[in-house]
Amino acid sequence: MNKLRILVADDHEIVRRGLVSLITAQPGWEVCSEADNGRQAVELAKQLKPTIVILDIGMPTLNGLEATRQILRDNPQTRVLILTITDTDQAVRAVLDAGARGFLLKSDAARDLVAAIDALQHNKTFFTARVAEMVLSGYRGVSSPARKDLLSPNLTSREREVVQLLAEGKSTKEVAVHLDLSVKTAETHRSNIMRKLGLHSVSELVLYAVRNNIIQVATGALPPVEVAPTAEIAPL
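I will try to describe carefully the structure that is included in this document. Please read all numbers here as calculations on a predicted model, not as lab measurements. (Residues numbered from 1 in each chain as written. Predicted model: local features only at pLDDT ≥ 70, side-chain atom pairs only at ≥ 80, totals over all residues. Heavy atoms only, no water.)

## Here we look at the pattern of salt bridges
- Applying the stated criterion across every chain yields a total of 14 salt bridges.
- Note that Arg111 and Asp108 form a salt bridge whose closest N and O atoms lie 3.5 Å from each other.
- Look at Arg111 and you get exposed, because its relative accessible area is 60%.
- Salt-bridge contacts for Asp112 lead to Arg111; the nearest nitrogen and oxygen are separated by 3.1 Å.
- Looking at Asp112, the relative accessible area reads 15%, which means it is buried. (Salt bridge = Lys/Arg side-chain N within 4 Å of Asp/Glu carboxyl O. Buried < 20%, exposed > 50% of the residue type's maximum accessible area, 1.4 Å probe, protein only.)

As structure tokens, then:
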């Protein structure tokens, strides 16, 4: 009998260890690999082709939403379970639009992780009662201002990656290194992003990233960001 192969990605080691412990305690399940950031998770998923990938929504370098998109683009048969600290309407919309099959609050993981994985294993979805109610109410067919703020229709996959890195405080040169781009290309991406989104400062970009679940602030308080006009950040 083939074992159910699961990839676990979370940037907090203690959380990752807890998830792995719960998974490996189940007969016939195995953790084929672990990742501590979204980019590593994408690469491991591409190499190992696990049946299920568990992703923290708020990871450095590449968040769980963008990692989900890239993993499913490479292998649409993979089933993704997103872990998050909040089930706000906007977070739920972002997770569903990314293509994840399951949505689990970290606070409920100890109780519901096994059930969630079992559901995905049998080609079902797994959501909390609140999220299931949103799905059944047919939010996908409802137009709302909040949906217009989501990144997917406006930015390319590469631009979403650049948004996250810039919002995490990296300079254009650091973005170029992370994404294996020339500095000029990274600057062009940044300029295009600011133009497309109508943003004028790094602080606005950070706010946009938080509101669209590109980066996650657990306390609800935004990190301090120095306000600077777009023209002044071009030489970075």
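## So, the sheet that holds strand E5 (residues 102-105)
- One open sheet holds the five strands; their spatial order is E2-E1-E3-E4-E5, and the pairing between them is parallel. The two strands at the open ends of the sheet, each matched to only one other strand, are strand E2 (29-35) and E5. Looking at each pair of strands side by side, their axes are set apart by 20° on average, direction ignored.
- Relative to strand E3 (residues 52-56), strand E1 (residues 4-9) runs parallel, the two being bridged by four bridges. Directly across from Leu7, in E3, lies its bridge partner Val53.
- Where helix H2 (residues 38-48) meets the sheet, its contacts fall on E1, E2 and E3, and the angle it forms with E2 comes to roughly 135°.
- Helix H3 (residues 64-74) rests against E3 and strand E4 (79-84) of the sheet, and its axis sits at about 160° to E3. (Pairing = 2+ DSSP bridges. Helix = DSSP H or I, 4+ residues; strand = E, 2+ residues; numbered from the N terminus. Axes fitted to C-alpha atoms, helices over the stretch in contact; angles between N-to-C directions. Contact = heavy atoms within 4.5 Å.)

Spatial relationships are all this shows, so hold off on functional conclusions.
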